[in-house]
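# Overview (structure and organization)
What follows is each chain in one-letter form.
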Amino acid sequence: MTKIVNLSIAALLLAGGVYLYADDDKREEHEHHRSTVVAKPLTPQEKATTALYTKECGACHMAYQPQFLPKRSWDKTMKTLDNHFGTDASLDQSDHKSIQNYLASHASKNDQVVDVRGAVALRISETPYFVREHREVTKKMVTQPEVKSFANCNACHTQALKGSYREREIRIPNYGRWED
Amino acid sequence: MKYLSIALLFSTSLMAASPEVVQYMNELSKTAKVQNSSFNGFDASRGKEIFTSTHTGKQGKPMACTSCHTTNLANSGKNSLTGKVIDPLSPRANPQRLTSTKEVAKWLKRNFMDVYAREGTAQEKGDVLTYIMKN
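Below, the structure is looked at part by part.

Parameters at a glance
Residues numbered from 1 in each chain as written. Chains lettered and ligands numbered in written order. Predicted model: local features only at pLDDT ≥ 70, side-chain atom pairs only at ≥ 80, totals over all residues. Heavy atoms only, no water. Helix = DSSP H or I, 4+ residues; strand = E, 2+ residues; numbered from the N terminus. Contact = heavy atoms within 4.5 Å. Areas by Shrake-Rupley, 256 points an atom, 1.4 Å probe, with all protein chains shown as cover. Buried area = accessible area lost by both parts, 1.4 Å probe. Salt bridge = Lys/Arg side-chain N within 4 Å of Asp/Glu carboxyl O. Nonpolar A, V, L, I, M, F, W, Y, C, P; charged D, E, K, R; others polar. Expected span 1.5 Å × (residues − 1). Buried < 20%, exposed > 50% of the residue type's maximum accessible area, 1.4 Å probe, protein only. Core = buried A, V, L, I, M, F, W, Y, C linked by side-chain atoms within 4.5 Å. Phe/Tyr/Trp six-rings, centres within 6.5 Å; stacked < 30°, edge-to-face > 60°. Lys NZ or Arg CZ within 6 Å of the ring centre and 35° of its normal.

### Focus on the overall build of chain B
Looking only at helices and strands, one finds six helices and four strands in chain B. In chain B, the order of α-helices and β-strands from amino to carboxyl end is α-α-α-β-β-α-β-β-α-α. Within chain B, residue pairs in contact and separated by at least 24 positions form 55% of the contacts whose partners lie at least 6 positions apart. When the accessible surface of chain B is totalled, it reaches about 7,700 Å², and 57% of it is carbon and sulfur.

Take a look at the structure:
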C-alpha cells in the first residue's frame, strides 16, 4: 500500500515536470518517457514568470519546484513572506501576485499534504513524503558545512535545479553516491 | 547644457550607481531633510557604522549586515541561514549592483528588517548606499 501511495504521489509530481527518486533504471526510463509526453513548450509569458520565480526565490535558496507542495501551502508561504522562516522576504505587489499565481498553477495536486505536526506544510522537508525518502540519511551528512540543511537540495541532488531527483544523480559531499 | 550633462554623466560614474539609483538617492535625501532639518547630506562613515555594527535582528539574535555580506564588500558573502553565496555588494567588484532602484529598495527594506527589526530611515538608507558606493 505504501508503495502505491508513493507511486501515485510520484506520478502527480511528475505530471508537473519533476523527476523524483527512482530505485532502479527501469522506472527511471519510465519516468523519462512520461515526462517527454507531458512536456509542453512554455509561452513567453510562462518563461518570464518562471524566470521571475527563479530570480526572486532563488536569491536566498534553491528555487524549489512548486510541485513539491500543494496550493494551500504556497498560499500560506506567500501570505507570510515578511517573516519567511525568520527573514523578511517581502516582494512588491506585482511580483508577489505573479509568483503566487505561478506557484498555484504548478502546485502539487495532493492538497491534503500536512507536515509532521499535522499542520499545513510550509517546509518541503517536513512533508511525510520527504521524511520517508530521507529517513536513512544521517544527521552528519545533512549538517556538514557543504550541505548545511535539508533546504539545500542541490548540495546532494546534482540535478535538482533542473527538477531531477534521480537516485543515480545523488552525490553526498564527503560521502559520495547513495547506495540503497 | 551640454557641459552640464557631461558633468552629470561624469559624476554619476564616479558615484558608482546608475542614474535611476542616483535619482532614488536624491529622493531619499529630500525625505531625510524633511525628517531632520539638520541633515546635511549622506555620509559614508555613518553608513559604515550602520553596516558593520551588530544589532538584535528580526529573530531576536545578534545580527549585522556583515553577518552575510562580510566586512569586505568586494568579496562574495554567504546567506547566514541557507549558506547560499551572495555576489559582492561593491559596484566595482560587481557592476550589477546599484543599477536598479527596485532591487535596491527591496533589499534595503528586507535587510534593515532582518538586522534592525525595523525599516531604515531615509537618512540611514542613503548613508548605507553611500558607504557601499565607496567600497
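Past the structure itself, the notes keep going.
### Overview of the overall build of chain A
Assigned secondary structure in chain A consists of seven helices and two strands. Order of helices (α) and strands (β) in chain A, N terminus to C terminus: α-α-α-α-α-α-α-β-β. For chain A, the share of sequence-separated contacts (at least 6 apart) that also reach a separation of at least 24 residues comes to 58%. In the structure as shown, chain A presents an accessible area of about 10,300 Å², 57% of it carried by carbon and sulfur atoms.

### Topic: the interface of chain A and chain B
With 19 residues of chain A in contact, the opposing surface of chain B contributes 16 residues. Taking both sides of the interface into account, the surface hidden between chain A and chain B amounts to around 1,400 Å²; carbon and sulfur atoms contribute 43%. Three residues stand out in chain A for area buried against chain B, namely Cys60(A), Asp88(A) and Lys148(A), and they jointly supply 36% of the buried area on that side. Across the contact surface, chain A and chain B share five salt bridges. Here Lys102(B) makes a salt bridge to Asp92(A), at a shortest N to O gap of 3.6 Å. Broken down by class, the residue content of the side of chain A that touches chain B amounts to five nonpolar, seven polar and seven charged.

### A look at helix α5 (residues 101-116) of chain B
With 16 residues, α5(B) ought to run about 22 Å at 1.5 Å a step, and its terminal C-alpha atoms sit 21 Å apart, in line with that. Buried within α5(B) are the following residues: Thr101(B), Val104(B), Lys106(B), Leu108(B), Arg110(B), Phe112(B), Met113(B), Asp114(B), Val115(B) and Tyr116(B). Where α5(B) is buried, its residues touch α3 (44-57) of chain A together with α2 (19-35), α3 (44-52), β1 (55-56), β2 (62-63) and α6 (122-133) of chain B. Looking one or two residues beyond α5(B), the residue adopting positive phi is Ala117(B), at roughly 55°.

### Some remarks on the nonpolar core
One broad trend across soluble globular proteins is that nonpolar side chains are buried collectively. If you look at the biggest cluster of nonpolar residues, it comprises 28 residues, and the most contacted ones within it are Phe51(B), Leu98(B), Val104(B), Leu108(B), Val128(B) and Leu129(B). Elements that contribute at least two residues to this core include exactly α2, α3, α5 and α6 of chain B. Among residues more than four places away in sequence, those in contact with Leu108(B) are Tyr24(B), Lys125(B), Val128(B) and Leu129(B). Judged by nonpolar contacts, the second largest core, of 24 residues, contains Ala63(A), Phe68(A), Cys153(A) and Tyr165(A).

### Quick look at the environment of Val22(B)
The residue Val22(B) is located in helix α2 in this model. For the pair Val22(B) and Leu129(B), spaced 107 residues apart in the sequence, the C-alpha separation amounts to 9.9 Å.

### Points about the environment of Met141(A)
All names here are of chain A. Within the fold, Met141 resides in helix α7 (residues 139-143). In sequence terms Met141 and Cys156 are 15 residues apart; their C-alpha atoms lie 9.6 Å from each other. With near-sequence residues (within four places) excluded, Met141 lies in contact with Val147, Ile172, Tyr175 and Trp178.

### Topic: the packing of aromatic side chains
As enumerated under the stated definition, the model contains six aromatic pairs over all chains in all. Aromatic side chains Phe68(A) and Tyr165(A) sit 5.2 Å apart centroid to centroid with 90° between the ring planes, which places their arrangement in the edge-to-face category. Pair noted here: Phe68(A) is in the loop between α3 and α4 (71-79) and Tyr165(A) is in the loop between α7 and β1 (171-172), with a separation of 97 residues, a long-range link. In this pair, the class of Phe68(A) matches that of Tyr165(A), namely buried. We note Arg110(B) situated over the ring of Trp107(B); from NZ or CZ to the ring centre the distance is 4.6 Å.

### A closer look at the pattern of salt bridges
On inspection of all chains with the given rule, the structure shows 15 salt bridges over all chains. Glu103(B) is the salt-bridge partner of Lys55(A), the closest N and O atoms lying 2.6 Å from each other. Residue Lys55(A) is found in helix α3, and its partner Glu103(B) is found in helix α5; the two belong to separate chains. What makes Lys55(A) partly exposed here is its relative accessible area of 44%. If you follow the salt bridges from partner to partner, you end up with Lys55(A), Glu56(A), Glu103(B) and Lys106(B) in one network.

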